[in-house]
Structure formats: C-alpha cells, structure tokens
Amino acid sequence: METFEQELRRRICDIGRNLFNKDFIAANDGNISARLSESEVLATPTGVSKGYLEPHMLVKVNLQGEILEAADGYRPSTETKMHLKIYNELPEMNGVVHAHPPYATAFAIKGEALDKMMMPESVIAMGDIPLAVYGTPSTDEIPDSLEPFLGKKTAVLLESHGALTWGKDIMAAYMNMERLEYTAKLTYITRMIGGERELPQHRIDELVALRSFYGM
Ligand SMILES: [Zn+2]
C-alpha cells in the first residue's frame with residue numbers, strides 16, 4: 001500500500017510530466033509543491049526538468065522554507081517562497097503550481113489580466129484571472145504581490161513572468177493552471193478572429209450563482 005507521502009510524490013512527478021508535455025514549462029522552469037502535513041511541504045528541486053522528475057528528487061521543507069529532507073544534490077528552488085506564502089496564509093490550500101505557459105505568459109508580459117467573461121465553465125470555475133505586479137524571482141516581492149488575491153482567487157498571472165495557481169489539493173492546483181492557460185489561449189484566438197465577446201451580465205450572474213451549487 002502506498003503511503004500518503006508516496007502518493008503525493010508520485011502525483012507531483014505526474015503533474016511535472018504533464019506541464020512539460022503540454023509546453024507549460026521549458027528546460028528546468030516551473031515548480032510544484034504539495035502540503036504533506038501541518039508543518040511539512042514537498043517541493044520540486046531547483047535545476048531539474050519537471051518532465052523527468054523522480055519521487056526521490058523532491059525535497060521536504062517546513063513552512064519557513066528550511067530543508068527537512070533532501071536527497072544528495074537536490075535543494076529547493078528559491079521560488080518555493082511564493083508557494084510557502086500560500087501555505088502559511090491559506091491553511092485550506094494544499095497544492096501550488098508555478099509555470100510559464102506561453103499564452104498566459106504572453107498576457108503576463110503585456111501586463112493584461114484575463115478578465116473577459118466569455119465562457120460558462122471559466123466563469124463558474126474561476127472568474128477573472130488577475131495580474132500580480134512584477135517582482136524579482138527569489139525575493140519577497142513575488143510573495144508580497146500575491147497579497148491582494150489570497151482567499152479570493154486560486155489563479156493569477158505574474159507580471160512579465162508566468163502564472164501561479166493553487167487549490168485544495170495538488171490536482172486542483174494543476175487543473176487551475178490548465179484552465180488558466182486555456183483561457184489565455186482562447187482570449188488570444190478570439191481576438192485574432194475579431195470574436196472576443198463577453199456573456200451578457202445577467203448570464204454571468206446566473207453562472208456566479210451556480211458556483212455554490214458546484215461547491216466552489
Ligand atoms: Zn518562474
């Protein structure tokens with residue numbers, strides 16, 4: 001029988017491969033983490049392609065970012081700070097994904113939030129995807145830029161950088177990243193064909209009311 005830790009390690013590796021195969025990350029970009037217990041987080045190591053992760057490569061840190069367990073040659077990414085911001089501030093959130101998906105990152109570089117309410121699923125599941133202001137990676141600037149969205153959103157664009165999503169579990173965080181990139185891609189395509197068209201307000205209101213029905 002797989003332990004919870006083994007299961008989490010396997011899931012993080014699966015998600016790494018998906019991010020890589022979907023072209024959401026290049027080379028050793030991106031990072032994934034999951035809360036293992038009240039005070040422990042499993043995170044992907046720095047300098048490794050997330051498409052070729054193996055369970056033993058993941059590092060275990062506490063909520064302050066101190067290493068609790070790491071195989072020889074593996075250490076946490078400096079970007080783990082933004083993951084820990086989520087775990088420290090939002091006890092009900094248990095998974096975080098950071099990637100540079102091309103369509104979403106293009107909007108992040110342009111500095112444009114994804115706030116067009118064009119599709120029922122996107123309105124129900126996510127609402128608008130805001131833009132967190134630019135910060136230098138590894139500093140406290142990125143974690144601080146998330147502050148306005150904590151408890152309100154589970155997906156944000158990071159200005160001139162990429163995207164960050166979180167969720168009740170690591171799979172939810174990953175699916176939020178898929179939906180975020182899909183929204184960015186559709187926004188791009190509809191704009192290219194001159195077809196960006198938002199739902200009327202009363203339709204948006206109906207969908208927002210459905211959110212509680214879907215448990216969101
Ligand atoms: Zn990054």
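For the protein chain, the name recorded in an unreviewed UniProt entry is Aldolase, with Paenibacillus donghaensis as its organism.

(A) Spotlight on the overall build of the protein chain. Each helix and strand in the protein chain was counted, giving seven helices and eight strands. In terms of overall size, the protein chain behaves like a compact globule, its C-alpha atoms giving a radius of gyration of 17 Å where 216 residues would be expected to give roughly 17 Å. Each of the three principal axes of the protein chain carries a C-alpha extent, and together these read 55 × 35 × 30 Å. Across the 216 residues of the protein chain, 46% fall into the buried class. Excluding contacts between residues fewer than 6 apart, the proportion of contacts in the protein chain whose partners are at least 24 apart in sequence is 65%. Each charge class in the protein chain was averaged separately, 22 positive and 31 negative side chains, and the resulting centres sit 4 Å apart.

(B) The arrangement of the packing of aromatic side chains in detail. As enumerated under the stated definition, the model contains two aromatic pairs in all. Taking 5.5 Å as the distance between ring centres and 70 degrees as the angle between the ring planes, the aromatic pair formed by Phe-20 and Tyr-52 counts as edge-to-face. Of this pair, Phe-20 sits in helix α1 (residues 4-21) while Tyr-52 sits in the loop between β2 (40-43) and β3 (59-62), placing them 32 residues apart in sequence. Under the relative-accessibility criterion, Phe-20 is labelled partly exposed at 29%.

(C) Broad picture of the side chain of Ser-49. One can find Ser-49 in the loop between β2 and β3. At 3.1 Å, the side chain of Ser-49 and the backbone nitrogen of Gly-51 are in polar contact. Leave out the neighbours within four places in its chain, and Ser-49 touches Phe-20, Ala-27 and Asn-28.

(D) Layout of the coordination of the zinc ion. Ligation of the zinc ion by protein atoms is provided by Glu-79 (OE), His-98 (NE2), His-100 (NE2) and His-161 (NE2), these donors lying 2.1 to 2.7 Å from the ion. Viewed at the metal, the four donor atoms of the zinc ion are separated by angles of 81 to 170 degrees, and the geometry they form is irregular.

(E) Region of interest: a nonpolar patch on the surface. On the surface, a cluster of nonpolar side chains totalling about 420 Å² of accessible area is made up of Tyr-188, Ile-189, Met-192 and Ile-193. Looking at the secondary structure, you find Ile-193 in the loop between α6 (170-192) and α7 (201-213).

(F) Representation of the sheet that holds β3. In space, the eight strands of this open sheet follow the order β4-β3-β2-β1-β5-β8-β7-β6, with mixed pairing throughout. At either end of the open sheet lies a strand with only one pairing partner, and these are β4 (67-69) and β6 (131-132). As defined by bridge partners, strand β1 (residues 31-37) adjoins β2 across four bridges and the pair is classed as antiparallel. Residue pairing for β2: Ser-33 is matched across the bridge by Ala-43. Lying over the sheet, α1 contacts β1, β2, β3, β4 and β5 (95-99), oriented at roughly 165 degrees with respect to β1. The strands touched by α6 within the sheet are β1, β5, β7 (155-158) and β8 (162-167), with β8 carrying the most contacts at an inclination of about 145 degrees.

(G) Quick look at the pairing of β1. With six of seven residues buried, β1 lies mostly within the body of the structure. Here β1 pairs with β5 via four bridges, running antiparallel. In the strand pairing of β5, Ile-32 is matched with Val-97. The hairpin turn running from β1 into β2, its antiparallel successor, is two residues long.

(H) Representation of the nonpolar core within the structure. Within the largest apolar cluster, 32 residues are counted, with the highest numbers of intra-cluster contacts made by Leu-19, Val-97, Leu-157, Met-177 and Leu-180. For this core, the secondary structure elements donating two or more residues are α1, β1, β5, α3 (102-110), β7 and α6. No other element matches α6, which puts six residues into this core. Excluding its chain neighbours within four sequence positions, the residues that come into contact with Val-97 are Leu-19, Asn-31, Ile-32, Ala-163, Leu-164, Thr-165, Ile-170, Ala-173, Tyr-174 and Met-177. The next biggest cluster of nonpolar side chains, apart from the first, holds 19 residues, and it includes Met-82, Leu-90, Ala-132 and Leu-164.

(I) Quick look at α6. Along its 23 residues, α6 runs 33 Å from first to last C-alpha, staying within 8% of the 33 Å computed at 1.5 Å per residue. Turning to α6, its buried residues number three or more, namely Ile-170, Ala-173, Tyr-174, Asn-176, Met-177, Leu-180, Glu-181, Thr-183, Ala-184, Thr-187 and Thr-190. Where α6 begins, the side chain of Asp-169 points an oxygen toward the backbone nitrogen of Met-171, at a separation of 3.1 Å. Immediately downstream of α6, the backbone of Gly-194 shows phi near 65 degrees, a positive value.

Parameters at a glance
By convention here, each chain's residues receive numbers from 1 onward along its written sequence. This being a predicted model, a pLDDT of at least 70 is required before a residue's local features are given, and a value of 80 or more before pairs of side-chain atoms are given or counted; all residues contribute to the totals for chains, interfaces and linings. In computing side-chain values, all of the structure's heavy atoms are included and hydrogens and water are not. In DSSP terms, a helix is any run of H or I states spanning at least four residues, a strand is any run of E spanning at least two, and both are numbered starting from the N terminus. For a compact globule the rule gives 2.2 Å times the number of residues to the power 0.38, and the radius of gyration it is set against comes from C-alpha atoms. When accessible area is computed with a 1.4 Å probe and restricted to protein chains, residues below 20% of their type maximum are described as buried, those above 50% as exposed, and intermediate ones as partly exposed. Any pair of residues with heavy atoms lying within 4.5 Å of one another is described as a contacting pair. His is not counted here, nor are the chain ends, while Lys and Arg score as positive and Asp and Glu score as negative. Charge coordinates come from a single atom per side chain, which is NZ of Lys, CZ of Arg, CG of Asp or CD of Glu. Centres within 6.5 Å make a pair out of two Phe, Tyr or Trp rings, where for Trp the six-membered ring is used; the pair is then stacked when the planes are under 30 degrees apart, edge-to-face when over 60, and tilted otherwise. Here a polar contact is recorded for every N or O atom pair within 3.5 Å, except that within protein the pair must consist of a potential hydrogen donor and a potential acceptor, and residues adjacent in sequence are included only if both atoms are side-chain atoms. Donors, by definition, are the N, O and S atoms found within 2.8 Å of a metal, the threshold being 3.2 Å for Na, K and Ca, and water is not counted, so a site can look incomplete. By the criteria applied here, four donors are tetrahedral when all angles lie between 85 and 135 degrees, four are square planar and six octahedral when opposite donors are over 155 degrees apart and every other angle lies between 65 and 115, and any other arrangement is irregular. Nonpolar side chains (Val, Leu, Ile, Met, Phe, Trp, Tyr) are joined into patches within 5 Å and like charges within 9 Å, using only residues with over 30% relative accessible area and no salt bridge. Values of accessible area rely on a 1.4 Å probe in the Shrake-Rupley scheme; residue burial ignores everything except the protein chains shown. The term salt bridge refers to a side-chain nitrogen of Lys or Arg lying within 4 Å of a carboxyl oxygen of Asp or Glu. One requirement defines pairing of two strands: DSSP has to find at least two bridges between them. In this analysis an axis means a line fitted to C-alpha atoms, helices contributing only their contacting stretch, and an angle means the value between N-to-C directions, from 0 to 180 degrees. Definition used in this section: a nonpolar core is a set of buried Ala, Val, Leu, Ile, Met, Phe, Trp, Tyr and Cys residues joined via side-chain atoms within 4.5 Å. In a helix, the anticipated span is given by 1.5 Å times the number of residues less one.

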